[in-house]
Every structure is written in structure tokens, then in C-alpha cells.
Amino acid sequence: MNVLVILIIAAILHASWNAFVKDQNNGLVTVTIISSTMALLVLPLTFIVGLPSSEIWIYLLISTVAHTLYLHAMTRAYSLYDFSIAYPFARGLAPLITVLILIIFFNAEIDMFEFIGILLIVSAILLLLPKKISEIGLKNIISMLYFPLAIAFYTIVDAEGIQHASNPYQYIVWIFIFTSIPMLTYNLTFNKDNLIST
């Protein structure tokens, strides 16, 4: 299958599940059910990939925090803002924020053409916004920044974690399992009725 076709299908699926979360009355409960289901589905794979190696434990723990913040940021943004604004805003700015963090804090080297390419992608995604950035308002922009910042956080952590993993599939399987734990624990403790009734 053509790589471009795979990328388009992946983008459609990603946007679709985000839209599904937006349409639910309680997004936090919905993502908890989704993440818990994914954890159960990949659980048998732990017998194939084995326990996490000592090198990636710290990355798994930090990534769990990052993904939990991401899921909270996503459901928060969709509860406060229209999907047509929150989704392209977050997905448009996240790559730029990620690159800037890598350059400023990790001394990453990115040549001019790569940076121009990133700016073009970011600009193209932000063009999907139904309103101009100036019309959204500074207060709303600052509030929504939590969403792309959370995406940048888990992107950087996972990129490092997979590089340190002896087997990338091991990291991927276990992060699905780890990510479900904080969300499920929170909702069972503070939101049990809504979780059960959904």
C-alpha cells in the first residue's frame, strides 16, 4: 500500500476518534474506557515482548504522566471549545512547539529547509481554523496551549524512550498499559457512577 495512502488513512482515523470524544457528554470517561480497552487488547502481547527493560522504565513512567496530561488536555479543550478550533490548533502548533523545545533545551540541530518545511505544515494545518488566530482571543489561545504542549511533551518522551528500548514494540505495548492506569484509577475513585453507566 502506498505510504501516502497509509498516512491519509491514519490521519482520518485520528481525527475521527478525536471527534468521537468531542461528541460524548463526558470526554474523560470516554477516553478512560478507550485507553482501558486498548490496554486489555495489548495485554496478551506482553508475553511476546516481555517485561520492560531497565533502560526504559523511567521513560515509561514519565510518558505515563505525559499521556495522562494529554488525555486531560484533550478532553478539557473539547469541552470548552469547538472541535473545528481545538483540533487544528493543537495539531498545528504541536510540531512547532516540539521542534522549538528540542532546539532550545536539547541543542537539536535542524537545518533551514527542515524548519521551513515544519512551518509550512503548521501553517497549512492552522489554515483549517474557521477563525483567524486574532479572532479567537488571547485568553482562549493561552488556555488552549495546554493541549499542544501536552502533545509535545509525550512526543519528546516517547521518541527518547523508543530509542533507548532494545525492542520498540516492547515500549509501545507497555505504554498502552501504563497510560490506562491513572485514568482508570481516577475515574473509579471520583467518577465511578459515570464510568459504570457509560
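The rules behind these values
Residues numbered from 1 in each chain as written. Predicted model: local features only at pLDDT ≥ 70, side-chain atom pairs only at ≥ 80, totals over all residues. Heavy atoms only, no water. Helix = DSSP H or I, 4+ residues; strand = E, 2+ residues; numbered from the N terminus. Rg over C-alpha atoms; globule rule 2.2 N^0.38 Å. Buried < 20%, exposed > 50% of the residue type's maximum accessible area, 1.4 Å probe, protein only. Contact = heavy atoms within 4.5 Å. Areas by Shrake-Rupley, 256 points an atom, 1.4 Å probe, with all protein chains shown as cover. Lys, Arg positive; Asp, Glu negative; His and termini not counted. Charge placed at Lys NZ, Arg CZ, Asp CG, Glu CD. Core = buried A, V, L, I, M, F, W, Y, C linked by side-chain atoms within 4.5 Å. Phe/Tyr/Trp six-rings, centres within 6.5 Å; stacked < 30°, edge-to-face > 60°. pLDDT = per-residue confidence, 0-100. Patch = residues over 30% accessible without salt bridge, like charges linked within 9 Å, V, L, I, M, F, W, Y side chains within 5 Å. Salt bridge = Lys/Arg side-chain N within 4 Å of Asp/Glu carboxyl O. Expected span 1.5 Å × (residues − 1). Bend = angle between axes of the 7 residues up to and from the residue.

**Quick word on the overall build of the chain**
No. 1: A count of helical and extended segments in the chain gives 11 helices and zero strands.
No. 2: The linear arrangement of helices and strands in the chain, starting from the amino end, is α-α-α-α-α-α-α-α-α-α-α.
No. 3: Computed over the C-alpha atoms, the radius of gyration of the chain is 18 Å, within 12% of the 16 Å expected from 2.2 N^0.38 for a compact globule of 198 residues.
No. 4: With the C-alpha coordinates aligned to their principal axes, the bounding extent of the chain is approximately 50 × 45 × 35 Å.
No. 5: Taken over 198 residues, the chain has a buried fraction of 39%.
No. 6: Pairs at least 24 apart in sequence give 82% of the contacts found in the chain among residues at least 6 apart.
No. 7: Approximately 11800 Å² of the chain is accessible, and the part contributed by carbon and sulfur atoms is 71%.
No. 8: Between the centroid of the 7 positive side chains of the chain and the centroid of its 10 negative side chains there is a distance of 17 Å.

**A closer look at the nonpolar core**
Soluble, globular proteins show a tendency: their nonpolar side chains are buried together.
No. 1: Counting residues in each nonpolar core, the largest one holds 29 residues, and the members touching the most others are Val31, Tyr70, Met74, Tyr78, Phe147 and Ile151.
No. 2: Breaking this core down by element, the ones donating at least two residues are α2 (27-42), α4 (57-80), α5 (83-106), α8 (138-144) and α9 (146-164).
No. 3: Top contributing element to this core by residue count: α5, with eight residues.
No. 4: Sequence-distant contacts of Tyr78, defined by excluding residues within four places in its chain, comprise Asn18, Val21, Lys22, Phe83, Ala86, Tyr87 and Phe147.
No. 5: Core analysis: the second largest hydrophobic core is formed by 14 residues, Val42, Tyr59, Ala165 and Ile177 among them.

**Focus: the packing of aromatic side chains**
To describe a pair of aromatic rings, you give the distance between the ring centres and the angle between the ring planes.
No. 1: As enumerated under the stated definition, the model contains eight aromatic pairs in all.
No. 2: For the ring pair Trp57 and Phe178, a centre distance of 5.5 Å and an interplane angle of 50 degrees mean the geometry is tilted. One end of the pair, Trp57, is in helix α4; the other, Phe178, is in helix α10 (residues 168-190), and 121 residues separate them in sequence.
No. 3: For Phe178, a relative accessible area of 11% puts it in the buried group.
No. 4: Centre to centre, the rings of Trp174 and Phe178 are 6.0 Å apart; their planes meet at 85 degrees, and the pair counts as edge-to-face. Here Trp174 and its partner Phe178 are both found in helix α10, four residues apart, which amounts to about one turn of the helix.

**Focus: the confidence of the model for the chain**
Low pLDDT marks stretches whose predicted atomic positions should not be read closely.
No. 1: When pLDDT is averaged along the chain, the result is 87, and 92% of the positions lie at 70 or above.
No. 2: Averaged over each element, pLDDT in the chain is lowest for helix α1 (residues 3-23) (69) and highest for α9 (95).

**Some words on a nonpolar patch on the surface**
No. 1: Nonpolar side chains collect at one region of the surface, where Ile58, Ile62, Val65, Leu69 and Phe153 lie side by side and expose about 390 Å² of accessible area between them.
No. 2: The dominant element in the nonpolar patch, judged by the number of residues it contributes, is α4, at four residues.
No. 3: Turning to its location among the elements, Phe153 is positioned in helix α9.

**Looking at α5**
An α-helix turns once every 3.6 residues. As a result, residues three or four positions apart point the same way.
No. 1: Between the first and last C-alpha of α5 there are 33 Å, a value that for 24 residues agrees with the 34 Å anticipated at 1.5 Å per step.
No. 2: The largest bend in α5 comes to about 30 degrees, at Ala94, with the proline Pro95 one to four residues further on.
No. 3: Just beyond α5, the residue with positive phi is Asn107, at close to 55 degrees.

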